[in-house]
Every structure is written in structure tokens, then in C-alpha cells.
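# Structural overview
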Amino acid sequence: MYDVEGILPIFQIYAGSTIFLPLFLVCLIYSFCNAQETGRKRFALIFIMSIVFVFNDFSIKLAGKVTDVATYYRFLWAIPILPLIGWAGTKAVMEREKRWEKAIALALVCCLFFGWQSSFITEGSIRVPDNLYNLSEDVIQVCDIIAQDKEKENPIVIFDMECQMSARIYDPSLVWGIRRKAYQYHNDMEGYEEAGNYKTDKIMIHAVNFGVKDEQEELSNALKKKKVDYIVTLTAFEMDAYLDEIGYELVDVSGTRSVYTRKNKNLEVHP
Amino acid sequence: MVQLAVCFLIIVLLGIEFCVYGVGFRKIFRVELQGYETAILGFFVYFGMFQIVALPLILLQRPFHELIVLWLVATGAMHVFVALKGRKELGSMTLGIFAGLWRMKGILLAAVILLVAFACWFQGTQQYIGWDTTYYIGTINTTVYTDTMYVYDGNSGVMAKTLELRYALSAFYMHSALLCKLASLSGILIQKYVMGTICILMHGLIVFAMGRRLFPDKEKKALFMTGLVFLMHLGFQTMYTASDFLLIRGYEAKGFCANVVIPAVFYAVVCLWQDKQRREYWVFLFMICFSSVPVSMSSILIVPAMVVVTVLAEWLLDRKWKILWQGFLCAVPNGIYLVAYFLYTQGVKIMIHK
């Protein structure tokens, strides 16, 4: 059976607070009414086929299973929403005879597009990047500090989450000590019952991303197990003494972050 | 500033490459298309051919520099062929582009160019960084840094145990890595400033082509429609929209899928609606389908789904088996990728050689 309740939320999230989806339906009806008989049949057939083969709960979930995501929303891109509205809008504006009529029609169309609060153009979005890489200056400083200090070609580094996401975009010689999935699914202050294979990562997340200071032994073991060469965390966490006690000393600080390295870099660490 | 100038130069060179590949394909397969259609076709031929060269090397885990050498040889061969056989077409296409711009000159053209340029600037200045960004740009940087392809995990930099076919079946990011290597630029610069801009420009070209098809005798209406679509993109910010993948994440393969591949399929379908007997349009559709996965793995399901829906509808209208057969041929390339990917998800893995 066709599960409307299953498919509807996807369209609702897609449309958000914009008017584009209702507008698309209006344009669709308009083009259907103005089409010749073959065109109408074609519209109807495509509509039916789309529902039978694509836009139903079963197909979207099946596609999600194949592609390993909960809901395969990308099918929505196949609906030519903007081209169809663009076509109708062009007819509405360009087929006016007088210039003032065209201007009013264009103003009305623009009001329809921007009358809802979902524009990309916001106060924060019009910006000039701090640097050519469009990365935080702080992250670049952290990478430069490690690059100047490192004795290994590919040091293993654990970072706070924001820094981890950007660091290898700037310097691919760095190797993450905390896995992506650990940050995606276990980035919290909770215990380790649910952590499974990510327990080691989570211990390190607690330290570098939350500044937890009461798991010293666990952290020391985790750092040894992962052979971590550098620790990057927020300076505000004041981790100098805590990390010094488990063998990591401060190398330097960037704007908001501190970089620590293993005191005896020549010491072979075994898991 | 020098790096930005190099990025701009690469954008221009890629535009020329697309035209060269489009003309080359037209000559080889004796296809007659408009100038703007040739440029769109050229984009797909370019990435399709890159995939043919790159995929065997990726699967065999050959060094990245071998891909660079092979690709330069292949591109050189195409250039020689076009120089020998397609000079006139390339020349008339270039003249046609300038003549078209001259015909459309005026406030409307200036406004649309400004709007598209603003979209390019906007995309380049956004600072969105998600886990996917980290993976894609990390993959490009790691490829250049290690001279390997998909052997190291793009996210962490750790050597992978198996080839991640979810990404490795499409050579799109290897193409970016190739540009990085040739231009000595970082992956983020190539993606944000070059590929992000290419995505927006190709999207604009396809929308313009749609406009030309929907308003056959009115170039200015097509131009207006292009401007209107870009205006709408700026006002359509929700979680799943193609606009989000155009203006914020245009440099990702997904952005190309949403804004280049899918609109191109739609354009080819509109062409077929007007004349489904014409061989050129079927060739055009086939080429888009063939290169859809090379451009983005997200196309693996969407493109065949679009082809199936539209071709079945046409067949029900006409009841000619030839339509079904041609539609089936268009869906075959994605079908092969889908089988390969499905086997991968079922545990058929390619181990990484140490």
C-alpha cells in the first residue's frame, strides 16, 4: 500500500517554510491544463510511474538500505521544481506587453520567492573568508605548530571535534587518533556502556572535546594504545598539568587551542 | 592572489576542454547539436573518458602518478584529433558563443551574468565544513600526498583494509586530485574555487539550454529563465534542496549530481519529448547516463530511475519497442555500477595490497 504518512515528512522537510512546493504544484496544474492531449497523457503517465516506481515509502527505504542511509531523500532532486517554476515565471513576466507590467510581475515573483524566511542571504552569510583556505586561522596555526615540531612524517593526533574536521583539509600528513564514527555517535559526556568498540576513542573525546580531568589512567592507556603523538584541545580547559602527569607536554598555543606532544618521542609505545 | 588567478585559469581551461571533448565526440559519432549542447555533452564526455582511464587504475591500486600520465596522453590524443578533424566545428562553436552573447547584449544579460557571478562568489566564501567535506577534500589531499588512490582513508589518513567502493567507483575526486597535482594547489582551493564554480556554471548552462528548448525562438526568455532559477536558488534554503548543494556544497560530487547530472537528464528528456526519433537526443541521454556515476555516486539510483519512468511513459504513449530498447541501453551503465556496488555491500571486497 502507498504509505502517505511515511513519504509526506520527507516532502515537508524538503519544502521547509518556502512556497516552492505549492508553487510547483500550481505550475504543474497550469502546464497540464495548457498542454495538448499527448502532453497531458505524458504528464499523467509520468506522475503515475513516479509514484509507482520512485516516490513511495517502499522504494525510498529500499534505496536507503542499498545506499546505507535511513531515508534516501535524493530522489527529490529528480523533481524539476525550479525549472518548472522558472518556466512559468518567465511566461508570467516576459509575456507582458508593457515594461511597467513586466516590472510589477517581476516584483511579485520576487516577493513570492523571498517572502519566506529561508533565504541563503543572511547577515552572516555575506562574508569575506579570513584566508584563502577558508579555514579557521586557529586550525591553521595548530597544523603549523605540529609541522614545525614533528619528528615523524605522519604523526597521530587527537583533536577537539571542530579542529579534527578541518585539520586534514589543511595538512594531509596528520593522522587522526579518534575515528569519525566515534565523534559522530559517541560525542557526549555519558559513560561507556553504549560505546562498544569506540570506548578508547570516547575516553580521548572526553578529554579533548570536553576537558574531563578525572579519567587520567584510562586516558593514559588510550593514548598508549593509539600511539598518539600530539594532543590538541581548547586552552580554556587548562589541561597542562593534567596531561603533563601522563607524559604530554605543552608545545605551543594557537588562538584558542593548546598543542601537547609526548615528552619522550623516541620511546617506543606498545599497545 | 596568484593561487586565485591559477584557479581562474583552470576554470577557463576546463571550459575549453569540455568544448574540445564535445566537438571530438560529435565528430567521432557524427552527432549534430547546438553549440551550448556540445559544451554540456563535452562535460559528460570529459568525465566519462576520465573514468575509463582512472577506474581500472583505482581498482588495480596503481600509483596516482600513472593516472596523471595516462590522462595527459588521452587528453593529448583528443586534442590532436580535434585539431585535425574538428578545427572548423570548434572555431564555429567559439564564434557562435560570442555571436550569441552579442545578440543577447543588454541589461538582462548583464544582470544574469552578475547573478551567476554572485552565486559563484557566494559558494566560494561559505565556510561549511561537515564530515563529508573532511572526507572528500581529505581524499584529494591524501591522494596527492601519498601518490595512491583510495588506499588511505580520506578522513583519518589511516591505511584502509579494503577499497571503499562507495566512493572508489567514481573517479570524480581523483580528477580534482589531478588538478591539484598539476597546478600545485591544495585540495580545498581546487574544490571550493574551481569545481564549485564549474558546478554553478554548468548548472546555468543547462538551465539556459532548457530555456532555449522551452522558448525556441526567444533567446532572451531563456536568459530570463536562467536568471529566475538562480534567484530562486538564493531563496530555497532547506535541508535537502539542490540549491543547498549548489550554493553551499557545490564542490561535492553530490552537488554536481543535483545540479548538473539530473537537470541534464531532464533536458535530454525534454529534447526526446519534442522528437524521440532523433538519434542525437538518445546519444545525448546515453552519454549523460554513462557519465553520471563518474561524476557522482549519488547518480547510481536516481538517473536510472528517471530514465525508467520517462521511457516507460513514452513507450505507453507510442508502444514502440525501440523506445524501450534505447531506454534500456541508457540504463545499462548505471545498472553495472549498481550490481558492483550491491556486491560490495554484500561483502565482496577488494583487499588493499600492503
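Residues numbered from 1 in each chain as written. Chains lettered and ligands numbered in written order. Predicted model: local features only at pLDDT ≥ 70, side-chain atom pairs only at ≥ 80, totals over all residues.

Across its full length, chain B holds 15 helices and 0 strands. In summary, chain B has a C-alpha radius of gyration of 20 Å against a globular reference of 20 Å for 354 residues, a match within 12%. Expressed as lengths along the three principal axes of its C-alpha atoms, the size of chain B is roughly 60 × 55 × 50 Å. By sequence separation, contacts in chain B at least 24 residues apart represent 71% of the contacts at least 6 residues apart. (Helix = DSSP H or I, 4+ residues; strand = E, 2+ residues; numbered from the N terminus. Rg over C-alpha atoms; globule rule 2.2 N^0.38 Å. Contact = placed C-beta atoms within 7 Å.)

Turning our attention to the environment of A171(B). Residues and elements named next belong to chain B. Take A171: it is sitting in the loop between α7 (165-168) and α8 (172-183). When the 27 C-beta atoms within 10 Å are taken as the criterion, A171 is described as buried. In contact with A171, other than residues within four places in its own chain, are F50, Q51, A54, L55, I58 and P294. (Buried ≥ 20, exposed ≤ 12 C-beta atoms within 10 Å, placed from the backbone.)

Time to look at the interface of chain A and chain B. Residue-level contacts link 60 residues of chain A with 60 residues of chain B. Of the residues assigned to the side of chain A that touches chain B, the class counts are 38 nonpolar, 15 polar and 7 charged. (Nonpolar A, V, L, I, M, F, W, Y, C, P; charged D, E, K, R; others polar.)

This part takes up the confidence of the model for chain B. Low-pLDDT stretches of the model should not have their predicted coordinates read in fine detail. Mean pLDDT for chain B: 93, with 100% of residues reaching 70 or above. Interface scoring of the predicted complex returns ipTM 0.92; its pTM is 0.94. (pLDDT = per-residue confidence, 0-100.)

Once that is clear, we can look at the nonpolar core. One finds V157(A), I206(B), V261(B), V265(B), A268(B), L285(B) and I288(B) to be the most contacted residues of the largest nonpolar core, which totals 195 residues. Examining the composition of this core, we find that 17 residues originate from one element, helix α9 (residues 187-214) of chain B, more than from any other. Each of domain 1 (4-114) and domain 2 (137-262) of chain A accounts for three or more of the residues forming this core. Ignoring any residue separated from it by four or fewer positions in sequence, one finds I206(B) in contact with I40(B), V260(B), P263(B), A264(B) and Y267(B). (Core = buried A, V, L, I, M, F, W, Y, C linked by C-beta atoms within 7 Å. Domains from an automatic or database assignment.)

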